[in-house]
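Okay, here's what each chain looks like letter by letter:
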Amino acid sequence: MSEQLMRFAVSRVRRPVALATSLFVAATLVATGWTAQQSAQASPQERGGFAVKVLSSRADLISGGDALVEVALPRGLNPAKVKVTVAGRDVTRSFAVRRDGRFLGLVKNLAPGASLLRAKGGGFSDKVTVTNHRNGGPVFSGPQLMPWKCQPTAVDKQCNQPATYEYFYKSAVPVASAGFKPYDPANPPADVATTTTDQGVTVPFIIRVETGYQDRDQYKIATLYRPGQKWKPWAPQKQWNHKVLMTHGGGCGISYGAGGAPSVHEGIQLPLVGDVLPIDLPVTDEAPAMLARGFAVVSTALNNNGHNCNISVQAESMMMVKEHLVETYGEIRYTIGSGCSGGSITQQAVANAYPGIYQGLVVSCSYPDTASPGAQFFDYHLLRKYFERFEPLAKGWTPLQWAAVEGHLLPLNAIVADEGLFKGAFQPTTACPGISDQQRYHPDTNPGGVRCNIFEGQVNQFGRRKPAVWSANERKLGKGFVGVPVDNVGVQYGLEALESGVITPEQFVDLNATIGGLDIDARPQAKRTVADRPALENSYRDGWHNSANNLENVAIIDHGGPDPGLAHDARWAWSMRERLDRTQGHHDNHVVWFGQFPIIGDPSYFTEGLLAMDRWLAAVEADKRDVPVADKIVQDRPGDLRDRCSQVQALTSPDGLNIPLLSPLIRQLLGPALNPILDAVNKGLNPVLDPALRLIVDPVLEVVCGAGVVGKVVRTDFDTPRGVAGQNTTSDDHKCQLKPLNRNADYGVLGLSDAQWNRLKAAFPSGVCDFSKPGVGKGGTVPWLTYQDCHGKVLTGGQPLGTAPADSAGGWNSPAFDGWQRTGKRGDLGSCPTRTSSTSGSSVQPEQPGSPGQQSGPPEQPGPGVVQAGNASQQGQPVVGAAAGSAEAGADASANGVLPAAGAPRIATIVGLALAMLVVGAMTVRRGRRALQ
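## A word on the overall build of the protein chain
The secondary structure content of the protein chain amounts to 23 helices and 30 strands. Scored against the burial criterion, the 933 residues of the protein chain give a buried share of 58%. Long-range pairs, those at least 24 residues apart, make up 74% of the contacts in the protein chain between residues at least 6 apart in sequence. For the protein chain, the computed accessible surface area is about 35,900 Å², with 57% contributed by carbon and sulfur atoms.

## A word on the pattern of salt bridges
Evaluated as defined, the whole model comprises 39 salt bridges. Arg722 serves as the salt-bridge partner of Asp379, at 2.7 Å between the closest nitrogen and oxygen. One end of the pair, Asp379, is in helix 6 (residues 371–387); the other, Arg722, is in helix 21 (residues 721–724), and 343 residues separate them in sequence. Assessed through its relative accessible area of 5%, Arg722 is described here as buried.

## Structural notes on the sheet that holds strand 14 (residues 206–214)
Pairing is mixed in the open sheet, where 11 strands are placed in the order 11-10-14-15-17-16-18-19-22-23-24. Edge positions in the open sheet fall to strand 11 (181–182) and strand 24 (644–645), since each of these has one partner strand only. Bridge analysis of strand 15 (residues 217–224) against strand 17 (residues 296–300) gives 4 bridges, and the strand direction is antiparallel. Its bridge partner lying in strand 17, Ala222 is registered against Val297. Running at roughly 160° to strand 23 (residues 590–594), helix 15 (residues 571–584) makes contact with strand 22 (555–560) and strand 23 of the sheet.

## Things to note about the packing of helix 4 (residues 311–328) against helix 5 (residues 342–353)
Closest axis-to-axis distance for the helix 4/helix 5 pair is 10 Å, and the angle between their directions is 85°. As the angle between them shows, helix 4 and helix 5 are arranged roughly perpendicular. Note on element contacts: helix 5 touches helix 4 through Thr346, Ala349, Val350 and Ala353, opposite Ile311, Gln314, Ala315 and Met318. Tallied by class, residues from the contact of helix 4 with helix 5 come to 6 nonpolar, 2 polar and no charged.

## Here we look at the side chain of Asn453
As for its placement among the helices and strands, Asn453 is situated in the loop between helix 9 (412–426) and helix 10 (459–462). Only 3.4 Å separates the side chain of Asn453 from the backbone oxygen of Phe426, close enough to count as a polar contact. Of the polar contacts made by the side chain of Asn453, one reaches the backbone nitrogen of Glu456; its length is 3.2 Å. Ignoring sequence-local partners within four residues, the contact set of Asn453 consists of Ile254, Ala425, Phe426, Gln427 and Pro428.

## Side note on the pairing of strand 14
With respect to burial, strand 14 is a largely interior element, 9 of its 9 residues being buried. The pairing of strand 10 (residues 164–169) with strand 14 spans 6 bridges and is antiparallel. Following the sheet pairing, Tyr167 is matched in strand 14 by Arg208. Here strand 14 pairs with strand 15 via 8 bridges, running antiparallel. Each bridged residue has a counterpart across the sheet, and for Glu210 the counterpart in strand 15 is Ile221. Following strand 14, the chain reverses through 2 residues before pairing antiparallel with strand 15; Asp215 in that reversal takes a positive phi of roughly 55°.

## Side note on the state of the cysteines
One pass over the structure, following the stated rule, counts 5 disulfides. Across the disulfide from Cys252 sits Cys309; the S-S distance is 2.0 Å. When the S-S torsion is -115°, as for the bridge of Cys252 with Cys309, the disulfide is left-handed. Of this pair, Cys252 sits in the loop between strand 16 (243–247) and helix 3 (286–292) while Cys309 sits in the loop between strand 17 and helix 4, and the two are 57 residues apart along the sequence. Cys340 shares a disulfide with Cys365; S-S distance 1.7 Å. With the S-S bond torsion at -115°, the cross-link from Cys340 to Cys365 turns out left-handed. In this pair, Cys340 sits in strand 18 (residues 334–340) while Cys365 sits in the loop between strand 19 (360–364) and helix 6, placing the two residues 25 residues apart along the sequence.

## Considering helix 13 (residues 505–514)
The buried count for helix 13 comes to 7 of 10 residues, which makes it a mostly enclosed element. Among the residues making up helix 13, those that are buried are Pro505, Gln507, Phe508, Val509, Asp510, Leu511 and Asn512. Lining the buried residues of helix 13 we find helix 6, helix 8 (399–406), helix 12 (495–499) and helix 22 (754–763).

## Thoughts on the nonpolar core
In this structure, Phe426, Phe455, Tyr747 and Leu760 are the most contacted members of the largest nonpolar core, which totals 60 residues. Counting residues per element, this core draws most heavily on helix 6, at 8 residues. Discounting chain neighbours no more than four positions away, the residues touching Leu760 are Phe508, Val509, Asn512, Leu741, Tyr747 and Leu752. Formed by 51 residues, the second largest nonpolar core is a distinct cluster that contains Leu61, Leu104, Val139 and Ala349.

## What to know about the packing of helix 6 against helix 9
The geometry of helix 6 relative to helix 9 is characterised by a closest axis approach of 9 Å and an angle of 110° between their N-to-C directions. Between helix 6 and helix 9, the interaxial angle falls into the category roughly perpendicular. Residue-level contacts link Gly374, Gln376, Phe377, Phe378, Tyr380, His381 and Arg384 of helix 6 to Asn413, Ala414, Ile415, Ala417, Asp418, Glu419, Leu421, Phe422, Lys423 and Phe426 of helix 9. Here the residues of the contact of helix 6 with helix 9 are counted per class, giving 9 nonpolar, 4 polar and 4 charged.

## With respect to the pairing of strand 23
Burial runs high along strand 23: 5 of the 5 residues are buried. Residue alternation in strand 23 divides its side chains into two sets, His590, Val592 and Phe594 and Val591 and Trp593, and both sets are buried. As paired strands, strand 22 and strand 23 are joined by 5 bridges and run parallel to one another. Each bridged residue has a counterpart across the sheet, and for Ile556 the counterpart in strand 23 is His590.

## Quick look at a nonpolar patch on the surface
A contiguous nonpolar surface patch, about 400 Å² in accessible area, is contributed by Leu400, Leu409, Leu410 and Leu412. Here Leu409 shows up in the loop between helix 8 and helix 9.

## Structural notes on the sheet that holds strand 3 (residues 67–72)
Backbone-to-backbone hydrogen bonds join strands into a sheet, with any given pair of strands oriented parallel or antiparallel. Here we have 4 strands laid out as an open sheet, ordered 1-3-7-6, and antiparallel in their pairing. Every interior strand has two partners, whereas the edge strands, strand 1 (51–54) and strand 6 (95–97), have only one. Adjacent strand axes in the sheet meet at a mean angle of 25° when their direction is disregarded. Pairing analysis gives 3 bridges linking strand 6 to strand 7 (residues 103–107), with the strands arranged antiparallel. Counted as the bridge partner of Phe95 is Gly105 from strand 7.

## A closer look at the packing of aromatic side chains
Counting across every chain of the model gives 29 aromatic pairs. Centre to centre, the rings of Phe426 and Phe455 are 5.2 Å apart; their planes meet at 85°, and the pair counts as edge-to-face. In this pair, Phe426 is assigned in helix 9 and Phe455 in the loop between helix 9 and helix 10, connecting sequence segments 29 residues apart. We classify Phe426 as buried; its relative accessible area is 9%. An aromatic cluster is present here, built from Phe378, Phe422, Phe426, Phe455, Phe462 and Trp544 joined pairwise through their rings. The positively charged end of Arg58 is found above the aromatic ring belonging to Trp784, 5.6 Å away from the centroid. Taking the ring centre of Trp234 as reference, the NZ or CZ of Arg98 above it sits at 3.7 Å.

## What to know about the side chain of Asp602
You can see Asp602 is positioned in the loop between strand 23 and helix 16 (605–621). Polar side-chain contacts of Asp602 include one of 2.7 Å to the side chain of Ser604.

## Structural notes on the environment of Ala431
Counting through the fold element by element, Ala431 comes out in the loop between helix 9 and helix 10. Residue classification places Ala431 among the exposed residues on the basis of a relative accessible area of 55%.

Here is what the cut-offs are and how they apply
- Residues numbered from 1 in each chain as written.
- Predicted model: local features only at pLDDT ≥ 70, side-chain atom pairs only at ≥ 80, totals over all residues.
- Heavy atoms only, no water.
- Helix = DSSP H or I, 4+ residues; strand = E, 2+ residues; numbered from the N terminus.
- Buried < 20%, exposed > 50% of the residue type's maximum accessible area, 1.4 Å probe, protein only.
- Contact = heavy atoms within 4.5 Å.
- Areas by Shrake-Rupley, 256 points an atom, 1.4 Å probe, with all protein chains shown as cover.
- Salt bridge = Lys/Arg side-chain N within 4 Å of Asp/Glu carboxyl O.
- Pairing = 2+ DSSP bridges.
- Axes fitted to C-alpha atoms, helices over the stretch in contact; angles between N-to-C directions.
- Parallel < 35°, antiparallel > 145°, perpendicular 65-115°, else oblique.
- Nonpolar A, V, L, I, M, F, W, Y, C, P; charged D, E, K, R; others polar.
- Polar contact = N/O pair within 3.5 Å; in protein donor to acceptor, adjacent residues only side chain to side chain.
- Disulfide = S-S within 2.5 Å.
- Core = buried A, V, L, I, M, F, W, Y, C linked by side-chain atoms within 4.5 Å.
- Patch = residues over 30% accessible without salt bridge, like charges linked within 9 Å, V, L, I, M, F, W, Y side chains within 5 Å.
- Phe/Tyr/Trp six-rings, centres within 6.5 Å; stacked < 30°, edge-to-face > 60°.
- Lys NZ or Arg CZ within 6 Å of the ring centre and 35° of its normal.

Structure representation (structure tokens):
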């Protein structure tokens, strides 16, 4: 390769300076040993079948000091001849040929930052740069939110503490208990039930729940467990089927302290409307049902949307817990998400922003993201402030007219959304966990306090407001608050209600002339709200606005039911479908089930959806064709897995009998006695019934719950205030382009009087929304963004991590789902050296993962509400974005272009530079002589 580069450089020379430059480049490339054979991206075949593979995560995103690694060996190579080192430290003793014949090892005590992991033996050699991040984070989400209150049992400022374990069991006595009972391994009870997994392994129905802390917050992992038996990642207990269910929490909020991870072994509580009507449905049994089949069930506090609404932090926490799962329990076949409301937001937004976290989604009470219902609830808030006054009543407004402008049947939906969701998320003066009343922001009495709205948690993503738009408090503090990507400039509220004659021209004009907006402190103002820039563009870029442009490799089942006015409009499932149609040209990876139980469709949908998703992904996993994952997702979807309306149409399926409302309760109370009977009945019925006929209301039209207006009414598929204002049904244009007011436009049968027209012009001096054009700042979500460079400095708005290092994250999923690792061009993340030797001069000491005191934590942080990197370079802050497989030639050169640290390569580089300078000098003298002649 070096000879080819030299010939190329010489052949392209046209001037002496170019020759000198080419010679210098070629000499440098030779000196640093950069050859095709040693490229990090070379395939195992190109390396003779010898390859170092980091299984537990992307090699550049390792955390906690451990990494599960495989050294793939060519046939005939004796493993005893292989030596493995990391940063010059011999770790060969961690490796062995495991029971599946693979040469695996858990590499421990990785120092923070980039280290070279190298394997040699039998004339073969391969290496990868492993970049380790502290267990307390961050990994890619950027400087962490401060101040942060750890749990009382934390051993350091990063909230670390050793993991704890609890045991539970299911009773074999029917009706004894619908849930799990505590299990004491020292005094085992006599009534333990048994369960048979989907792999045919029968074991006592005992589970272990691990609780630990990563990224400054809690995680939980539950599995079937045999007390007293060993469990190693290369030799897990046989009852684990290597499949993962990820549970989530509802709501949307911000916290300044560690919280609790969602349950991993009980029916999920459904906080349907925030703190107003928390409804617990103990008859759901998705976690127990999947544990019984051998799944691991996992959650993190940070993927609970009500605790943390930041997509990148959610994804980071899930990535870290998946890594820990692989390193502790074993490799994963695929991961399925499950969750309602905020849980649906997390799944769909993270799946689009960080592809590969999930392979399947089961969402309910569905929202596509935070931004879309957020704009709806923002409008509700403003409309309520207009309607709920004396003046509109004097103008003849009725509650039914309010609802018509809001896009619903009754004003109840707006009231519930505003009181239960919007105010708590948007207003900076609302109380939030981890912040005392004395610390909390108040515009008059504590302008320097901690702001408790969800935007403050997005400072790395959205950035701070520019001085030109600062409020008085921002000017007083000398810094902007976090930008807010919300806008209502040009929105003609109630336009379709006017056109249809539901409201009068005077009502329409007065509403739009009076409604105004909110200022940065969420207080009413006369002028419309203008979205902050670049927060608006960044909110699309980071996935806060879900453009659905990276969802082709994930399977989705969305189940819901009629919404009587609890702010979970059925329409959002169809909005997501339209976004998929727009970006993919189809929605064949998206299935909708609509039932008659409010909001969720049917309690049995949770478990039934997971079982159906399991069959779907298992079919993809078994597909060995060399075709894109997206094609497999579509083509391998089971034939009976279709859109449907009402659970009554699906009493039996390949997954078992599904009795409306009662299936979860029957399974929990009577499962041990009735399951064999029900399974036998199902096997007898299922072949007889035609799946297509019983799963679709209309097998010809293939529509859910009827066509046209009938279907919309049955599904309660109502509109939003912006939909009534003319916005399209994808509902993701959050700042519209403007067009001039046109008096000839449709303003109702009566039109507008001169006075009304003049007042409308005054209300819209810049024009009105043109929803036929894409929204301002609108763009697709950029996958796998990082918000910190390799020194820990914030990258506001994010830079793409790009393609994962070769042969990494293979333990996350079966090979059939590979492809998410190739996410595009890497951003400019900076350049940091790679640690290749334990004596390279680094003062950073290796941490002891999982042991008390493993983190020293960041230095004391200034003032409430400050987000900063915390002098990252002095803490051994991890390197982000370092490439795998840096050059070998006995050099300490890193793969990202840093010059060698010492030794012959550096000397060769200096020699090359000197030669180049001599050539340049000689040619310059020669030119001077010619000029004189």
